[in-house]
Amino acid sequence: MRILVVEDDPAHVLAITRAFKAPDSWVDIAVAGSLRDYRLRVAEQVPQIVLMDLNLPDGRAVDLLSHAGEERPFPVLILTAQADEKIAVAAMKAGALDYIVKSPGAFAELPRTVGRALREWNLCVREKQAQAEVLRASQLASIGELAAGVAHEINNPVNGVINYAQMLVNRLGGDEVNRQLAEGILREGDRIAAIVGSLLAFARPQAEAKRPVDLGELLKDCLLLVGAQLRKEGIVFGIEVAVDVPAIAARKQHLQQVFLNLISNARYALNEKYPGKNPDKVLEIRVDMIETSKGFVRISFHDHGVGVPRHLRDKVFNPFFTTKPADRGTGLGLSISYGIIKDHGGRLLLDSEEGSFTTLSIELPLRDAEAIRE
Ligand SMILES: Nc1ncnc2c1ncn2[C@@H]1O[C@H](COP(=O)(O)OP(=O)(O)OP(=O)(O)O)[C@@H](O)[C@H]1O
Ligand SMILES: [Mg+2]
């Protein structure tokens, strides 16, 4: 466990490090003597928890914590002397998890206090994630309805355009110039129809019967389709399937579409980061059971590509959200995939670090695979 102590009083630093010096302790303590030093340390290596003195040579913890844009993936505990408890409360309002009034007893208690703080923090993080996910799911559901409505309305007129254009093409047999124009209308019309079809698929993937699907086999089939392309671009890819994964009840075509979408995104991200060959141009696909429950299987696509910036993470599942040039992406891949996975009673989750990696995980329930086999 990595603890960062931000404290300028050597005696207090000593007391804190002593408290964690149990013979079997595997705590790694780093010390920063100022806010500036703290920033450097955190940029170097993210700690699991920070113990911060309220007053430091170059500023106060409260000001640091309340500073806009100071987003932290770890909890901060404030250390304070009896006299400045009021400011400590202000620090909590500014985002500290708790405060500790310095005393020999409190220092000795620190390992337990830190343990408790970390448990509390993890619970909070999990709750926040769950809330964000519910919110996103409901937003996507309403976007889906809207998209389906619009797509439905566009479907008829666009088919009309295609039919008229076809009639023109047929009539203009000898008139080369005009026939080419009419063919242009036909082509673009077909493109609109395909996009509209995809949108409808996002809103309500139609019924193909669910059958037992061997995920490892299906993934291998997908890589047969795109493997040559990946290899040509120097992408190193592999599939690892845990031995205990049973077949699941799924619509094979739909799952295949999801897998191909995710592979295509990974491929793009890898080519962005490494236009040529590189040993780190890697896509790893894994299938395993989720440890916490026997009822779910996870299929994850992990690429070492450009990653998704934090501020875009909530947007990537939205229909038509794309960062690609117009001729390279329509922004429908992930939204359609999301719809399909939801239709299977599962979840599609994104984890990423900009410049470093992206993982798209599909979690699918195992239930009713048995029923279908009977
Ligand atoms: N593996 C990935 N690495 C980095 N960014 C990704 C990855 N997958 C998706 N994204 C981001 O999410 C956006 C939306 O992805 P999505 O698949 O929905 O659309 P698209 O790939 O842009 O277009 P389409 O799939 O319709 O061709 C992408 O434009 C990209 O910015
Ligand atoms: Mg895509």
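Given the structure is predicted, the values throughout are model-derived calculations rather than measurements. (Residues numbered from 1 in each chain as written. Chains lettered and ligands numbered in written order. Predicted model: local features only at pLDDT ≥ 70, side-chain atom pairs only at ≥ 80, totals over all residues.)

So, the pairing of strand β12 (residues 296-303): which residues are in play, and what are the values?
Every second residue of β12 is oriented toward a common face, the buried set being V297, I299, F301 and D303 and the non-buried set F296, R298, S300 and H302. With seven bridges connecting them, strand β11 (residues 282-289) and β12 associate as antiparallel partners. Its bridge partner lying in β12, D288 is registered against R298. Of the pairings in the sheet, the one linking β12 to strand β14 (residues 357-365) comprises eight bridges and is antiparallel in character. (Buried ≥ 20, exposed ≤ 12 C-beta atoms within 10 Å, placed from the backbone. Helix = DSSP H or I, 4+ residues; strand = E, 2+ residues; numbered from the N terminus. Pairing = 2+ DSSP bridges.)

Residue-level account of helix α7 (residues 215-232), with values.
At 3.6 residues per turn, the α-helix brings residues three or four places apart onto the same side. A rise of 1.5 Å per residue sets the reference length of α7, with its 18 residues, at 26 Å; its end C-alpha atoms lie 25 Å apart and thus fit the reference within 8%. Of all the residues in α7, the buried ones are L215, L219, C222 and L223. Contact partners of the buried residues in α7: β8 (211-213), β9 (236-241), β10 (248-250), α8 (252-273), β11 and β12. The first or second residue beyond α7 is G234, which carries a positive phi of 80°. (Expected span 1.5 Å × (residues − 1). Contact = placed C-beta atoms within 7 Å.)

Quick one: what's the story with the environment of E363, residue by residue and with numbers?
Positionally, E363 belongs in strand β14. With residues near it in sequence (within four places) discarded, E363 still touches I290, F296, R298, G346 and R347.

For the sheet that holds β14, give the residues involved together with the corresponding values.
With mixed pairing, five strands are arranged side by side in an open sheet as β9-β11-β12-β14-β13. Each of the sheet's edge strands pairs with one partner strand only, and the pair in question is β9 and β13 (347-353). Mean inter-strand twist for the sheet, computed between neighbouring axes without regard to direction, equals 10°. Packed on one face of the sheet, α7 meets β9, β11 and β12 and runs near 175° to β9. The strands touched by α8 within the sheet are β11, β12 and β14, with β12 carrying the most contacts at an inclination of about 25°. (Axes fitted to C-alpha atoms, helices over the stretch in contact; angles between N-to-C directions.)

Help me get a handle on the nonpolar core, residues and values and all.
Counting residues in hydrophobic clusters, the biggest one holds 40 residues, and the most contacted among them are V258, F259, L262, A266, L283 and F301. Elements with a contribution of two residues or more to this core: α5 (104-171), α7, β10, α8, β11, β12, α9 (333-343) and β14. In terms of residue count, α8 provides more of this core than any other element does, eight residues in total. Counting contributing residues, this core receives three or more from each of domain 2 (132-203) and domain 3 (211-373). When sequence neighbours within four positions are dropped, the list of residues in contact with F301 reads L262, I263, A266, L283, I285, T359 and L360. (Core = buried A, V, L, I, M, F, W, Y, C linked by C-beta atoms within 7 Å. Domains from an automatic or database assignment.)

Quick rundown of the domain arrangement of the chain? Include the residues and the values.
Examined at the domain level, the chain breaks down into domain 1 (2-102), domain 2 (132-203) and domain 3 (211-373). Computed over C-alpha atoms only, the centres of domain 2 and domain 3 are separated by 27 Å. Sorting the residues of the side of domain 2 that touches domain 3 by element identifies α5 and α6 (176-203) as the ones contributing at least two each. For the side of domain 2 that touches domain 3, the element with the most residues is α6, which contributes six residues. Considered class by class, the residues forming the side of domain 2 that touches domain 3 number eight nonpolar, two polar and one charged. (Nonpolar A, V, L, I, M, F, W, Y, C, P; charged D, E, K, R; others polar.)

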